[in-house]
Amino acid sequence: MSNVRLRQHTQPSHEKLLMPDHRQELAVLNNVFWYRAVFRAHGIDCGTDDLAWWSEAATPPFHSNLVVLSPSADASHVQGRLRAIARARSPSGLGVKDSFAKLDLSAAGYEILFEADWIWREHSHADSTGSAEAWACVTSAAELTAWESAWWGDARNKLDGPASCQFPASLLESPNHRFFFKLRGQAVVAGAIANRSPGVVGLSNAFSVSSANFDDWEGLIQCAGEHFPGVPLVGYERGAALACATSAGFVPVGALRVWNRVLR
């Protein structure tokens, strides 16, 4: 990996970090910063080295046990770490985010859950055509509860069994996190999360309760730009959602795969 290190950053260094060939690495790092924040909010321990981030505990829904941090990570390193995780807990249901789509974990019993693209959008002063007036920022635990209820209502987030609290209110305490929502009347109809990390802001968990795919990227981009001005935006998307993001000015900067192991 580049000189970007998870444990060393406190403030972004734009001169060093915003090189075009580092865009995927910055998106990966941003994703891991968000993972770390979510896991800490749930009181879940995690670890990291130069090649991967991981947790040996049961993860919140939709989160992997291991995220590859560097294109230098090979299958032997990842599988060794996964064996250690499996020894600490049941090996069934282990997930891996192969952030650079370079690994083949099929021989170890893993299957590809999905493939996606990291995306990047440069800051633009022209971000004024969206519908940011319809967007707002969650400011209280009660608003976050309403936001999460709407988020669970998105078809892509439905799970068997009752929904648990995915986003503890302690996440609102950090100036690096924002939960954005769009209202129709008094109902939350769309939302997303912004996560600031060195050099970029990540947009994730974008949802819409009224359409199959989130499609108000212009409004979200403008809202994010008002809260985090002058910073490139990153994230990852796939399928129709990726097409919507690229139509709003994002460009793909690298592939990723999510692997999952389920014992039969």
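Remember, it's a predicted structure, so these values are computed and weren't measured experimentally.

### Some points on the nonpolar core
In terms of nonpolar packing, the biggest core is built from 51 residues, with Trp-34, Leu-66, Val-78, Val-96, Trp-147, Phe-167 and Phe-179 touching the most fellow members. With 9 residues, the single largest contributor to this core is helix H2 (residues 23-41). Dropping the residues within four chain positions of it, Phe-167 is found in contact with Trp-34, Leu-144, Trp-147, Glu-148, Trp-151, Phe-179, Ile-193 and Asn-205. Judged by nonpolar contacts, the second largest core, of 23 residues, contains Trp-135, Phe-180, Ala-190 and Cys-223.

### Notes on unusual backbone geometry
Its identity is not glycine, yet Phe-62 carries a phi of approximately 70°, on the positive side. Within the secondary structure, Phe-62 is located in the loop between strand E2 (52-54) and strand E3 (66-68). Its relative accessible area of 41% is what places Phe-62 among the partly exposed residues.

### Here's the deal with helix H4 (residues 141-153)
Taking 1.5 Å of rise per residue, 13 residues should cover 18 Å, and H4 covers 18 Å from first to last C-alpha, within 8% of that figure. Looking at H4, one finds that the buried residues are Leu-144, Trp-147, Glu-148, Ala-150, Trp-151 and Trp-152. Where H4 is buried, its residues meet strand E7 (177-184), strand E8 (187-197) and strand E9 (200-208).

### Observations concerning the pairing of strand E5 (residues 111-121)
Sheet topology places E5 next to strand E11 (residues 251-261); 9 bridges connect them, and they run antiparallel. Across the sheet, the residue bridging to Phe-114 is Val-258, located in E11. Across 5 bridges, the pairing between E5 and strand E10 (residues 233-237) is antiparallel. Residue pairing across strands places Asp-117 opposite Glu-237, the latter belonging to E10.

### Regarding the side chain of Arg-121
Looking at the element boundaries, Arg-121 is found in strand E5. In this structure the side chain of Arg-121 is engaged in a polar contact, spanning 2.8 Å, whose partner is the backbone oxygen of Ala-248.

Conventions used here
Residues numbered from 1 in each chain as written. Predicted model: local features only at pLDDT ≥ 70, side-chain atom pairs only at ≥ 80, totals over all residues. Heavy atoms only, no water. Core = buried A, V, L, I, M, F, W, Y, C linked by side-chain atoms within 4.5 Å. Buried < 20%, exposed > 50% of the residue type's maximum accessible area, 1.4 Å probe, protein only. Helix = DSSP H or I, 4+ residues; strand = E, 2+ residues; numbered from the N terminus. Contact = heavy atoms within 4.5 Å. Expected span 1.5 Å × (residues − 1). Pairing = 2+ DSSP bridges. Polar contact = N/O pair within 3.5 Å; in protein donor to acceptor, adjacent residues only side chain to side chain.

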